[in-house]
Amino acid sequence: MENVTLKVEGMSCNHCVKAVEGSVGELAGVSAVKVNLKEGLVDVAFNANEVALEKIKEAIDEQGYDVK
């Protein structure tokens, strides 16, 4: 299991939190997603054998947020 913290810009409300947590949480191999709205961070626990970090970043990007 790997853990990564991503800097995400553009999140400003609870809808943003639900959109990011929902889209990333649906990916196979992701076991946990936690958004820190105040800091603009997304913590993700995932199995790198099942899902690539790029796929996680794409899922966030597809919701309209910028992953740094």
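Residues numbered from 1 in each chain as written. Predicted model: local features only at pLDDT ≥ 70, side-chain atom pairs only at ≥ 80, totals over all residues. Heavy atoms only, no water.

## Digging into the environment of Glu26
Link 1 in the chain: Position of Glu26 among the secondary structure elements: in the loop between α1 (14–25) and β2 (30–36).
Link 2 in the chain: Residue Glu26 is classed as exposed on the basis of its relative accessible area, which comes to 69%. (Helix = DSSP H or I, 4+ residues; strand = E, 2+ residues; numbered from the N terminus. Buried < 20%, exposed > 50% of the residue type's maximum accessible area, 1.4 Å probe, protein only.)

## Digging into the UniProt feature "domain: HMA" (unreviewed entry) in the protein
Link 1 in the chain: In the numbering used here, UniProt assigns the "domain: HMA" (unreviewed entry) feature to residues 2–68.
Link 2 in the chain: End-to-end, the C-alpha atoms of residues 2–68 are 19 Å apart, and along that stretch the chain is 33% helix and 34% strand. (UniProt positions renumbered as here; feature names shortened; annotations may be inferred.)

## Observations regarding the pattern of salt bridges
Link 1 in the chain: Throughout the structure, instances matching the rule amount to 2 salt bridges.
Link 2 in the chain: For Glu9, the salt bridge identified is with Lys68, shortest N-O distance 3.9 Å. Here the residue Glu9 occupies a position in strand β1 (residues 2–9), and Lys68 occupies one in the segment after β4 (66–67), the gap between them amounting to 59 residues.
Link 3 in the chain: Note on Glu9: relative accessible area 39%, which makes it partly exposed.
Link 4 in the chain: A relative accessible area of 58% means that Lys68 is categorised as exposed.
Link 5 in the chain: Here Lys55 and Glu58 are joined by a salt bridge, their closest N and O atoms 4.0 Å apart. Of this pair, Lys55 and Glu58 both sit in helix α2 (residues 53–62), separated by 3 residues, roughly a single helical turn.
Link 6 in the chain: Judged by relative accessible area, which is 37%, Glu58 ranks as partly exposed. (Salt bridge = Lys/Arg side-chain N within 4 Å of Asp/Glu carboxyl O.)

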